[in-house]
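So the chains spell out like this:
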Amino acid sequence: MKKLRALLLMEFQHFSEYRGDIFVYTMGAIVIPVVLLNVWLAIADAKGSNASEIQYLVQYFVVQVFVNVIVSTWQATFLANAIQRGEISAHLLKPYPYIMVHIANNISEKVWKILFSLVALVILVAMYHSYLTIPLWQTILPGSLVVLLGAVIKFMWSQILGMSGFWTSNIYAIREYNQMLYNLISGVLFPIKYATQVIPAFVFVVLPYQYMLGFPINVLLGKVSQTELFQGVGIQLIWVIVLYIVYRIVWQKGLQRYGGYGG
Amino acid sequence: MKRYLTLYYHFFLFSLLSRMEYRFDFVMSAIRSLGWVFVTIVTYTVLFTQTQTIAGWTKEEILVMFGIFMIIDESWNAIFSDNLVRLSDYVRLGELDTILLLPLSTQFFVSLRHVLIFTLPNILIGLGVTLYYLSQLSLSLPWWHYLIAIALVINGIMIMYSLMLLFVSLTFWVVQLRAFWDLYEILTYGAKYPVGFYRNPVHFFFLFIVPLGVAFTFPAEFLVKGLSWHIVGIALLVGSGLFVLSHKVFYYGLKRYNSASS
């Protein structure tokens, strides 16, 4: 725990140098949902949605801003590059597991992003206050748990993608294909319930993407029944375990390969 | 003029030769591009399960716009992106000194020196998407409408170029700029949908503050819906005005650079 705290402090100070970049990321976190919200409001206009559907759409994309900040990761590229350049050697000698560096980096990234997204909160509430309601504590509690699990799943997923750096130098292509699937399946572009006619249901189950974003948002909005909630949390826990096992195996295999280069 | 054309021919040739070693990149880039076409078509199919038209656009009309979006975006990428992204490094590492000594326009050199050859097939994919969905619409347009649409596409490429030149010119004041691609992603994200989808203040923002609606929506809107002539005129004025503005700001910043290093 002390080690993690020291790393956190280091990463946090490191981040204050990148304020400009984080500002642009945060701008992205606002602009992208606002654009999508506008698209969906145009759809709601065209199909003549009732008030409750419009409210759901607005709340969905406003809440998405915050869920996005909490589950966001960016280490895949850094990790892959660090492996390619041999920079992880130095870390392997240190008295903590290497993944801890990324955990610390990820947490401090989020602290900064949360600070910036308070600005987003003010703007979004000013724009859409008539659609927003005070969140219920009955949904906050399970919602927080589910968002946290989503963050862990996405973190592990990115870590595994980043470790592809042991085998390939083309992390950008892998990241892009990942982004394509994320766009279609996570619920970032549309609430998943609207996609069921087009995208087969099993795709949403066999890939973890919706458990990173769409599912947590719906839990926070109280749109998930008790059984669906327990099912969803169960699937999230299974994903955490599966991804952890995959991570261990890939890391071991990768290190063997990596050792081959260095020694 | 002829001198610059010859120069550009050599820039192009040099970029081509230096990339021939990585011929596989052409294939990879085209496959990725097709992947995004697939994602976009699925996304619009989802959106159009809800309704027949969105803000007056049918699915085919929007996909025409997506094709044109690809043409503009990928052309900008191929011609300018690999250059503008380097400006901050030129300034930070002092490489701009060498460029300033060259007997040619500095803006020409920093904007056009490198051509991103392997994204060129993506422009053709965009053209294919545009033509396919145009044929689905079975419009019968006089031939000169296509010429004006091409002019609006070029106008769009220049708007995109001018906006990004304005952004990278900031480097003369702040030196370190790394958010290039992130900003680009944010801008093109908003440009992907017809500007008519947006309500104010977002609508106003994409027409008058950062005129990406003019750049990316107008060419398609002109083809599939028709735009009045004075709007076409204003669009071309916005494009050239922005180009002149970015040119002025770039040289204004460059003056700062001179005084800082000497």
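Trainee: Explain the overall build of chain B to me, using residue names and the numbers behind them.
Mentor: Assigned secondary structure in chain B consists of 13 helices and 0 strands. Computed over the C-alpha atoms, the radius of gyration of chain B is 19 Å, within 12% of the 18 Å expected from 2.2 N^0.38 for a compact globule of 262 residues. Dimensions along the principal axes, computed over C-alpha positions, put chain B at roughly 65 × 45 × 35 Å. Evaluated residue by residue, chain B yields a buried proportion of 52% over its 262 residues. Here chain B has roughly 12,300 Å² of accessible surface; of this, 69% comes from carbon and sulfur atoms. Side chains of chain B give 16 positive and 13 negative charges; the mean places of these two sets differ by 6 Å.

Trainee: Give a description of the overall build of chain A that names residues and reports values.
Mentor: In terms of helices and strands, chain A carries 12 helices and 0 strands. Buried positions account for 51% of the 263 residues belonging to chain A. When the accessible area of chain A is evaluated, it comes to approximately 12,800 Å², of which 68% is carbon and sulfur surface. On chain A, the mean spot of the 16 positive side-chain charges and the mean spot of the 9 negative ones are 10 Å from each other.

Trainee: Give me the lowdown on the pattern of salt bridges, citing residues and values where you can.
Mentor: Considering all chains together, one arrives at 5 salt bridges over all chains under this definition. A salt bridge links Glu53 of chain A to Lys47 of chain A; its shortest N-O distance comes to 3.0 Å. Of the residues examined, Glu53 of chain A reaches a relative accessible area of 18% and is grouped as buried. On the basis of relative accessible area, Lys47 of chain A is assigned to the partly exposed category, the value being 31%. A salt bridge links Lys225 of chain B to Glu61 of chain B; the nearest nitrogen and oxygen atoms lie 3.1 Å apart. Taken together, the residues span a long stretch of sequence, with Lys225 of chain B in the loop between helix 12 (212-224) and helix 13 (229-261) and Glu61 of chain B in helix 3 (residues 59-84) at a distance of 164 residues. Taking the relative accessible area as the measure of exposure, Lys225 of chain B reaches 35% and is therefore partly exposed.

Trainee: Which residues make up the nonpolar core, and what values do they have?
Mentor: All names here are of chain B. Among the nonpolar cores identified, the biggest contains 167 residues, and Leu96, Met164, Tyr193, Phe197, Leu212 and Phe216 are the most heavily contacted of them. For this core, the leading source of residues is helix 3, giving 14 residues. If we ignore the near neighbours within four places in the chain, the residues touching Met164 are Trp76, Leu84, Phe180, Leu183, Tyr184 and Leu187.

Trainee: Lay out the interface of chain A and chain B in plain terms, naming residues and giving numbers.
Mentor: Accessible area lost during the coming together of the parts is what is often quoted as the interface size. On the side of chain B, 31 residues touch chain A, which itself brings 37 residues to the contact. At the boundary of chain A with chain B, total buried surface from both sides reaches about 3,200 Å², with 71% on carbon and sulfur atoms. Along the contact surface separating chain A from chain B lie 2 salt bridges. For Arg199 of chain B, the salt bridge is made with Asp45 of chain A, and the minimal N-O distance between the two is 3.4 Å.

Trainee: Can you break down the side chain of Ser111 of chain B residue by residue, with the values?
Mentor: Following the sequence through the fold, Ser111 of chain B ends up in helix 6 (residues 106-112). If near-sequence neighbours (up to four positions away) are discounted, Ser111 of chain B is found in contact with Ile79, Phe80, Asn83, Leu84 and Tyr161 of chain B.

Trainee: Please give an account of the packing of helix 8 (residues 143-169) of chain B against helix 12 of chain B that cites residues and values.
Mentor: Residue and element names in this part refer to chain B. It is the contact of helix 8 with helix 12, at a shortest axis distance of 8 Å, that shows an interaxial angle of 170°. One element, helix 8, and the other, helix 12, form an angle in the roughly antiparallel class. Residues His145, Tyr146, Ile148, Ala149, Leu152, Val153, Asn155, Gly156, Ile159, Met160 and Leu163 of helix 8 touch helix 12, and the partners they reach there are Leu212, Val214, Ala215, Phe216, Phe218, Pro219, Phe222 and Leu223. When its residues are assigned to classes, the contact of helix 8 with helix 12 shows 16 nonpolar, 3 polar and no charged.

Trainee: Let's hear about the packing of aromatic side chains: which residues, and what values?
Mentor: All names here are of chain B. According to the stated counting rule, one finds 33 aromatic pairs over all chains in the structure shown. The interplanar angle of 45° and the centroid separation of 5.1 Å between the aromatic rings of Phe69 and Phe216 together place this pair among those described as tilted. Taken as a pair, Phe69 in helix 3 and Phe216 in helix 12 lie far apart in primary sequence, 147 residues in all. One exposure class covers both Phe69 and Phe216, and it is buried.

Trainee: Describe the environment of Gln107 of chain B, with residues and values.
Mentor: Residues and elements named next belong to chain B. Secondary-structure assignment places Gln107 in helix 6. Taking the C-alpha atoms as reference points, Gln107 and Lys59, 48 residues apart in sequence, are found 40 Å from one another. Contacts of Gln107, omitting those with residues within four sequence positions, involve Tyr161, Leu165, Phe243, His247, Phe250 and Tyr251.

Trainee: So what about the environment of Val242 of chain A? Which residues, and what values?
Mentor: When you line up the elements, Val242 of chain A lands in helix 12 (residues 226-262). Residues Val242 of chain A and Val146 of chain A, spaced 96 residues apart in sequence, show a C-alpha to C-alpha distance of 17 Å.

Trainee: Go over the confidence of the model for chain A with me, naming the residues and quoting the values.
Mentor: Summarising the model, chain A shows a mean pLDDT of 84, and 93% of its residues fall at 70 or more. The least confident element of chain A, judged by mean pLDDT, is helix 1 (residues 2-15) of chain A at 73; the most confident is helix 10 (residues 209-212) of chain A at 93.

Trainee: Talk me through unusual backbone geometry; I want residue IDs and the actual numbers.
Mentor: Residue and element names in this part refer to chain B. Cis geometry marks the peptide bond from Asn200 to Pro201; its omega dihedral reads 5°. Mapped onto the elements, Pro201 comes out in the loop between helix 10 (180-191) and helix 11 (202-209). A positive phi angle, near 45°, is found at Ala55, a position not held by glycine. Among the structural elements, Ala55 can be located in the loop between helix 2 (24-47) and helix 3.

Trainee: Tell me about the side chain of Asp82 of chain B, and please be specific about residues and values.
Mentor: Tracing the backbone through its elements, the reader meets Asp82 of chain B in helix 3. Apart from the residues within four sequence positions on either side, Asp82 of chain B is in contact with Asn77, His114 and Leu116 of chain B.

Rules and cut-offs
- Residues numbered from 1 in each chain as written.
- Chains lettered and ligands numbered in written order.
- Predicted model: local features only at pLDDT ≥ 70, side-chain atom pairs only at ≥ 80, totals over all residues.
- Heavy atoms only, no water.
- Helix = DSSP H or I, 4+ residues; strand = E, 2+ residues; numbered from the N terminus.
- Rg over C-alpha atoms; globule rule 2.2 N^0.38 Å.
- Buried < 20%, exposed > 50% of the residue type's maximum accessible area, 1.4 Å probe, protein only.
- Areas by Shrake-Rupley, 256 points an atom, 1.4 Å probe, with all protein chains shown as cover.
- Lys, Arg positive; Asp, Glu negative; His and termini not counted.
- Charge placed at Lys NZ, Arg CZ, Asp CG, Glu CD.
- Salt bridge = Lys/Arg side-chain N within 4 Å of Asp/Glu carboxyl O.
- Core = buried A, V, L, I, M, F, W, Y, C linked by side-chain atoms within 4.5 Å.
- Contact = heavy atoms within 4.5 Å.
- Buried area = accessible area lost by both parts, 1.4 Å probe.
- Axes fitted to C-alpha atoms, helices over the stretch in contact; angles between N-to-C directions.
- Parallel < 35°, antiparallel > 145°, perpendicular 65-115°, else oblique.
- Nonpolar A, V, L, I, M, F, W, Y, C, P; charged D, E, K, R; others polar.
- Phe/Tyr/Trp six-rings, centres within 6.5 Å; stacked < 30°, edge-to-face > 60°.
- pLDDT = per-residue confidence, 0-100.

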